[in-house]
Amino acid sequence: MEHIAALLLVIGCSDTMTECRELPVPASVFETFEACTAERPFALTDVRGQARHVVGECLIVDPALEDDYDQIVWTVRPDGSLEASLEVSGTLVASNGARPEKDYLNQQ
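Attention in this report is confined to the structure presented alongside it. (Residues numbered from 1 in each chain as written. Predicted model: local features only at pLDDT ≥ 70, side-chain atom pairs only at ≥ 80, totals over all residues. Heavy atoms only, no water.)

**Looking at the environment of E22**
If you trace the backbone, E22 turns up in strand β2 (residues 20-22). Separated by 12 residues in the primary sequence, E22 and V10 place their C-alpha atoms 5.9 Å from one another. Each residue touching E22, except ones within four places of it in the same chain, is listed here: L9, V10, I11 and W74. At 3.0 Å, the side chain of E22 forms a polar contact with the side chain of W74. (Helix = DSSP H or I, 4+ residues; strand = E, 2+ residues; numbered from the N terminus. Contact = heavy atoms within 4.5 Å. Polar contact = N/O pair within 3.5 Å; in protein donor to acceptor, adjacent residues only side chain to side chain.)

Quick look at the structure:
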């Protein structure tokens, strides 16, 4: 199983930098931070036509938290700079896969 060391986040914004959204890129996870950094300019060029302003950043993935990350928190400042991080929300979701079969004839 390969480990993810970096995630490429690309954001596209309107002229005023007030409306922004994540843009999909062909490769968004990388085994090394250096591979992400090398791919970043090509990914930004590939999505350039999808938004007026495009910014991207490689985020370091902590191997100890790789399976725990559940949020990408980002903001684009008015000057066009991107601030982003991977976060663990602390929310615990529990599920029970074993469900008793319902007997529709004897249900109350």
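**Quick look at the pairing of strand β6 (residues 82-87)**
Along β6, the buried face is formed by L82, A84 and L86; none of E83, S85 and E87, which line the opposite face, is buried. Here strand β5 (residues 71-76) runs beside β6; their pairing, made up of 6 bridges, is antiparallel. Counted as the bridge partner of W74 is A84 from β6. Count of turn residues in the β5/β6 antiparallel hairpin: 5 residues, of which G80 carries a positive phi of about 95°. (Buried < 20%, exposed > 50% of the residue type's maximum accessible area, 1.4 Å probe, protein only. Pairing = 2+ DSSP bridges.)

**Notes on the nonpolar core**
The biggest cluster of nonpolar side chains holds 13 residues, and the ones touching the most others in it are L8, V10, L23, V25, C36, V47 and V54. When contributions to this core are tallied by element, the ones reaching two or more residues are β1 (6-13), α1 (33-46) and β4 (53-60). C36 has contacts with A6, L7, L8, F30 and C58, leaving out every residue within four places of it along the chain. The next biggest cluster of nonpolar side chains, apart from the first, holds 12 residues, and it includes L9, C13, V55 and A84. (Core = buried A, V, L, I, M, F, W, Y, C linked by side-chain atoms within 4.5 Å.)

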